[in-house]
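What the coordinates show
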Amino acid sequence: MTAFSLDPAQLAWRAELRTLAEQRLCPLAEKGEPGRVNRALVTELGRLGLLDRLFTSGALDLCLMRESLAYACTEAETALALQGLGAHPVHAYGTPAQRARWLPGVRAGTTVAAFALTEPDAGSDAAALSLAAEPDGPSGWRLTGEKCWISNAPEADFYTVFARTTPGAGARGVTAFLVPADRPGLTGTPLDMLSPHPIGTLAFDAVPVTGDDLLGQADRGFRVAMGTLNLFRPSVGAFAVGMAQAALDATIAHTAARDAFGGRLKDLQAVSHQVAEMALRTEAARLMVHAAATAYDEGAPDVPKRAAMAKLLATETAQYVVDAAVQLHGARALRRGHLLEHLYREVRAPRIYEGASEVQRGIIAKELYATVEAP
């Protein structure tokens, strides 16, 4: 499959998803409570079969889903992505019993998942996490510490939790656990964010876990985390591209219709050239996202570099495009409830989560120099 064009079936599916988002998902999103998990919206994603596709499709399909939903309903896009992020480790590394217990509900939208990696002092530096998994008996541990900025917390039904089983071992001493939300000692608090997504903290007070809760092998949890992020980073870029395209289309329509300085706004060269630059950057980001996703699907060796490049370029591009769109719309774009006011709040976070832009540059540089022998 080429990374540089979509076939007619993919284009038709992308258009269908935009329509579904507008007609069936946006009304549910509007009824949701800011900062809370919108379970009705998640259930509808399951009813439409979109959550099932998280586990039956490849990275490119995931990107097409996220871009299409983001274009029409960012809340639906985020709900879909969080289900995938929280449950992918179970799908990829879980035992048959774990998959049978949790994934049917995730697919149906009746079980809410969450990915609990970040800590107050270990955000983008995932290898520095300190949530302690202290031995408890022959095959168990007690989790003690805190997680922060966790999407769907504290309302998720289960968490993929990364904890330190070997102190001082860096990335090699981290283990992934599947922790149901009803485990004793696990509590959480919601956070009030700029864009009102369900995000919170988690506190672990000697939370019991056993070998049955392991995702993968002990001390190999960093592999689980990075395997998940390598899949989802290009699709974060797709989320950004969807927002950029929505802002671009709104700007084209506005500048074509708006009267200003004796003509239409689009007739001003400064404006038309700005719109052209927005379109150029959006398409370049889309192509890089598709290339990175295709590389993942084909098992290419340079996926970490491509994923980082796609996430970096697309999120920085979306920030630029949305900001430029606000500028060309003027004050009306800052009014509460305007599409661009909404996108302006939504577009900022993707430059930080799943590895900030600076971290992506570090990954790219590391991969570029990996084959260079030291003098």
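One can find the structure itself at the top, above this paragraph.
What you see is a predicted model, and the numbers here were worked out from it, not measured in a lab.

**A few points about the packing of helix 4 (residues 59–72) against helix 8 (residues 269–297)**
Closest axis-to-axis distance for the helix 4/helix 8 pair is 7 Å, and the angle between their directions is 145°. Seen from helix 4, the contacting residues are A59, L60, C63, L64 and E67; seen from helix 8, they are R286, V289, H290, A293, T294, Y296 and D297. Here the contact of helix 4 with helix 8 is composed, by residue class, of seven nonpolar, two polar and three charged.

**Some thoughts on the packing of aromatic side chains**
Applying the stated criterion across every chain, the model contains three aromatic pairs. On the numbers, 5.3 Å between centres and 65° between planes, the contact of W141 with F177 is edge-to-face. With a gap of 36 residues between them, W141 in strand 3 (residues 140–151) and F177 in strand 5 (residues 174–180) connect regions that are remote in the sequence. We classify W141 as buried; its relative accessible area is 15%. Looking at R18, its charged tip hangs above the ring of Y71, at a distance of 3.8 Å from the centre. The ring of W13 has R53 lying over it, and the distance from NZ or CZ to the ring centre is 3.9 Å.

**Let's talk about the pairing of strand 7 (residues 199–210)**
When strand 3 meets strand 7, the two strands line up antiparallel, connected through nine bridges. Bridge assignment links L143 to a residue of strand 7, and that residue is V207. Across five bridges, strand 6 (residues 186–190) lies against strand 7 in antiparallel orientation. Counterpart to L186 in the pairing with strand 7 is F204.

**Considerations on unusual backbone geometry**
Looking along the chain, the bond that leaves A153 and enters P154 is cis, with omega of 5°. Mapped onto the secondary structure, P154 falls in the loop between strand 3 and strand 4 (158–164). Even without glycine at this site, N152 takes up a positive phi of about 75°. Relative to the assigned elements, N152 resides in the loop between strand 3 and strand 4. When its relative accessible area of 6% is taken as the criterion, N152 is described as buried.

**A short note on the side chain of N38**
Mapped onto the elements of the fold, N38 is located in the loop between helix 1 (8–31) and helix 2 (39–47). Among the residues examined, N38 registers a relative accessible area of 16% and is labelled buried. Within the structure, N38 has its side chain in polar contact with the backbone nitrogen of L41 (distance 3.0 Å). Not counting chain neighbours up to four residues away, the residues in contact with N38 comprise L28, A29 and G32.

**Focus on the nonpolar core**
Judged by nonpolar contacts, the single largest core of 80 residues is most densely connected at L25, L45, M65, L80, F158 and F162. Of the residues forming this core, the biggest block, 14 residues, is contributed by helix 7 (residues 221–257). Grouped together as the second largest cluster of nonpolar side chains are 22 residues, V112, A116, L131 and L143 included.

**Section: the packing of helix 8 against helix 9 (residues 303–329)**
As a packed pair, helix 8 and helix 9 sit with axes 8 Å apart at the nearest point and diverge in direction by 155°. Classified by the angle their axes make, helix 8 and helix 9 are roughly antiparallel. Helix 8 and helix 9 meet at a crossing whose hand is left-handed.

**Digging into the pattern of salt bridges**
Scanning the model with the defined rule gives 21 salt bridges in all. The partner of R47 in a salt bridge is E44, with the nearest N and O atoms 2.4 Å apart. Of the two residues, R47 and E44 both sit in helix 2, three residues apart, roughly one turn of that helix. When its relative accessible area of 56% is taken as the criterion, R47 is described as exposed. Where R286 meets E283, a salt bridge forms, and the shortest distance between an N and an O atom there is 2.7 Å. With R286 and E283 both in helix 8, this residue pair falls three residues apart, about one helical turn. Given a relative accessible area of 7%, R286 falls into the buried group. For E283, a relative accessible area of 36% corresponds to the partly exposed category.

Criteria and cut-off values
Residues numbered from 1 in each chain as written. Predicted model: local features only at pLDDT ≥ 70, side-chain atom pairs only at ≥ 80, totals over all residues. Heavy atoms only, no water. Axes fitted to C-alpha atoms, helices over the stretch in contact; angles between N-to-C directions. Helix = DSSP H or I, 4+ residues; strand = E, 2+ residues; numbered from the N terminus. Contact = heavy atoms within 4.5 Å. Nonpolar A, V, L, I, M, F, W, Y, C, P; charged D, E, K, R; others polar. Phe/Tyr/Trp six-rings, centres within 6.5 Å; stacked < 30°, edge-to-face > 60°. Buried < 20%, exposed > 50% of the residue type's maximum accessible area, 1.4 Å probe, protein only. Lys NZ or Arg CZ within 6 Å of the ring centre and 35° of its normal. Pairing = 2+ DSSP bridges. Polar contact = N/O pair within 3.5 Å; in protein donor to acceptor, adjacent residues only side chain to side chain. Core = buried A, V, L, I, M, F, W, Y, C linked by side-chain atoms within 4.5 Å. Parallel < 35°, antiparallel > 145°, perpendicular 65-115°, else oblique. Left-handed = near helix turned anticlockwise from the far one by under 90°. Salt bridge = Lys/Arg side-chain N within 4 Å of Asp/Glu carboxyl O.

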